[in-house]
Amino acid sequence: VTLGATHNNAAAAAGAAVPVQPQQHRRLEGKVAIVTGGARGIGEAIVRAFVLQGARVVIADIDDAAGEALAAALGGACCSYVHCDVSVEADVERAVGCCVARYGRLDVLCNNAGVLGRQAPPAGTGAKSGGIASLDAAEFDRVLRVNTLGAALGMKHAARAMLQRRGGCGGGSIVSVASVAGVLGGMGPHAYTASKHALVGLTKNAACELGEHGIRVNCVSPFGVATPMLVNAWRHGNHGEDEEGGAPAPVSAEEVEKAEEMVRGMATLKGPTLRADDIAEAALFLASDESGYISGHNLVVDGGVTTSRNVIG
Ligand code: NAD
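All values derive from a computational prediction rather than experimental measurement.

A. A look at the overall build of the protein chain. Summing up its helical and strand segments, the protein chain has nine helices and seven strands in all. Taking all 313 residues of the protein chain together, the buried fraction comes to 45%. Considering only residue pairs separated by 6 or more positions, the protein chain has 72% of its internal contacts joining residues 24 or more positions apart.

Structural data, given as structure tokens:
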């Protein structure tokens, strides 16, 4: 998305001189960002896109080996890693503190960390989602603590850091990765669906409150992307993760291909394959000044699935 292009077209039509764009315009030049869950999957794509577009990025994750390796690969000057379980407030506070200490400020928070959760299938039904009658309260709590409370804690500490800048009117952008399961039912386990609906609501509330300080709050809601989360879920008949809070078993190229094929089969938009880079592009737009008047929005990246009557059940 290049808003400048639209303005330039209008200027050209009006006979005015068209401003020349700097050759190497980077969309997050000079900005500092935190990406939670940035060690792999969609988060990794977001980290790479942000760094490529000029941001200095702190990866906040619980997978220390993957997070440190990614930060090292992208270069210590523009990317670093901090261990942070987003469901633990002290970790979130520390991650924001490390970011400000290292890079001097915080402009963008991307709440991407998330878990699908496990859910026992209703016996003998062959249904895709587990039954409400077999709901595990502890697992429900775990998923909401990561997906919803984790994002809320991120917003809290990011907002504090952003408000401290320029005497309390510093601006900033908070982008959370929700899901089509935050818009529709039947897209995942009950706890996951509840957590993502709550995240979309939280985004709207925070946008209302923080707007007066120039802080924008939005979310991106992807359809299926063949990350370890999705591949792992399908290994288990869409009943969720196999290891509590841990890294899933490695995902093979063959499994990714199969998962992409399944997503393509369910998609409304035929042709393209939804990839992590597509979600990163949407997050980048919402993080950058190009979306400067957009707040409280849920940018659904689903090829039309949530607008279709024929969605998967
Ligand atoms: P993934 O499992 O491949 O990666 C998730 C990352 O988050 C990992 O690096 C993991 O270590 C980290 N993480 C997990 N728990 C954490 C915690 N408590 N604190 C900090 N980091 C933690 O998943 P993904 O598919 O890349 O998902 C990223 C986000 O996108 C999630 O919020 C997910 O709900 C959302 N999403 C994914 C899909 C999809 O199809 N993959 C669709 C819609 C939404």
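B. A look at the sheet that holds strand β1 (residues 32-36). Strand order across the open sheet formed by seven strands is β3-β2-β1-β4-β5-β6-β7, with parallel pairing between neighbours. Pairing within the sheet leaves two strands with one partner each, and these edge strands are β3 (79-83) and β7 (298-301). Pairs of neighbouring strands in the sheet enclose a mean axial angle of 20 degrees, with direction left out of account. Taken together, the five bridges between strand β2 (residues 56-61) and β3 define a ladder with parallel strand orientation. Bridge pairing in β3 links A60 to V82. Packed onto the sheet, helix α3 (residues 64-74) meets β2 and β3 and runs at close to 165 degrees relative to β3.

C. Main features of the site of the ligand. Residues in close proximity to the ligand total 29 residues, the closest being G37, G41, G114, T227 and M229. Secondary structure elements with two or more residues in the shell around the ligand: α2 (41-52), α5 (137-164) and α7 (228-235).

D. Structural view of the nonpolar core. Counting 86 residues, the largest nonpolar core has I34, F50, I59 and A283 as its most contacted members. Residue contributions to this core peak at nine residues, all from α5. When residues no more than four places from it in sequence are discounted, the contact partners of I59 are V35, G38, A39, V47, G67, L70, A71, C79 and Y81.

E. Representation of helix α9 (residues 276-287) within the structure. The terminal C-alpha atoms of α9 lie 16 Å apart, and with twelve residues this matches the ideal 16 Å at 1.5 Å per residue to within 8%. Every buried residue of α9 is listed here: A276, I279, A280, A282, A283, L284, L286 and A287. Where α9 is buried, its residues contact β1, α2, β4 (108-111), β5 (172-177), β6 (215-222) and β7.

F. A look at the environment of S288. Among the structural elements, S288 can be located in the loop between α9 and β7. Overall, S288 belongs to the buried group, with 24 C-beta atoms counted inside 10 Å. The spacing of S288 and L106 is 182 residues in sequence and 13 Å in space, taken between C-alpha atoms. Apart from residues lying up to four places away in sequence, S288 is in contact with R27 and L28.

G. How the structure looks around the packing of α7 against helix α8 (residues 253-266). Relative orientation of the contacting elements α7 and α8 amounts to 85 degrees, with a least axis distance of 10 Å. Of the possible angle classes, the one that applies to α7 and α8 is roughly perpendicular. Packed against α7, whose contacting residues are L230, V231 and W234, the element α8 presents E255, V256, A259 and M262 at the interface. For the contact of α7 with α8, the per-class residue count stands at six nonpolar, no polar and one charged.

H. Layout of the packing of α5 against helix α6 (residues 190-210). Contact geometry of α5 with α6 gives a least axis separation of 9 Å together with a crossing angle of 15 degrees. The pairing of α5 with α6 is recorded here as roughly parallel in orientation. Here the hand of the crossing between α5 and α6 comes out right-handed. Contact with α5, carried on its side by E139, F140, V143, L144, N147, T148, A151, A152, M155 and A159, involves A191, Y192, A194, S195, K196, A198, L199, L202, A206 and L210 of α6 and no other residues of that element. Classifying every residue of the contact of α5 with α6 gives 15 nonpolar, three polar and two charged.

I. Representation of the environment of V256 in the model. Tracing the chain through its elements places V256 in helix α8. Judged by C-beta crowding, with 16 C-beta atoms within 10 Å, V256 ranks as partly exposed. When the C-alpha positions of V256 and V225 are compared, they lie 9.2 Å apart, and in sequence the two are 31 residues distant. The contacts of V256, once residues within four sequence positions are left out, are A226, V231 and V251.

J. Seen up close, the confidence of the model for the protein chain. Taken residue by residue, the protein chain gives an average pLDDT of 88. The fraction at 70 or more is 82%. Between residues 1-9, whose pLDDT stays under 50, and residues either more than four places distant or in other chains, the model counts six contacts. Under the prediction, the complex receives an ipTM of 0.99, its pTM being 0.90.

K. The arrangement of the pairing of β4 in detail. Neither face of β4 is left uncovered, since the one carrying V108 and C110 and the one carrying L109 and N111 both have all their residues buried. Note: β1 against β4, three bridges, orientation parallel. Residue pairing across strands places V35 opposite C110, the latter belonging to β4. Strand direction decides the pairing type here: β4 and β5, joined by four bridges, are parallel. Its bridge partner being in β5, L109 is matched across the sheet by I174.

The rules behind the values
Residues numbered from 1 in each chain as written. Predicted model: local features only at pLDDT ≥ 70, side-chain atom pairs only at ≥ 80, totals over all residues. Helix = DSSP H or I, 4+ residues; strand = E, 2+ residues; numbered from the N terminus. Buried ≥ 20, exposed ≤ 12 C-beta atoms within 10 Å, placed from the backbone. Contact = placed C-beta atoms within 7 Å. Pairing = 2+ DSSP bridges. Axes fitted to C-alpha atoms, helices over the stretch in contact; angles between N-to-C directions. Near = placed C-beta within 6 Å. Core = buried A, V, L, I, M, F, W, Y, C linked by C-beta atoms within 7 Å. Expected span 1.5 Å × (residues − 1). Parallel < 35°, antiparallel > 145°, perpendicular 65-115°, else oblique. Nonpolar A, V, L, I, M, F, W, Y, C, P; charged D, E, K, R; others polar. Left-handed = near helix turned anticlockwise from the far one by under 90°. pLDDT = per-residue confidence, 0-100.

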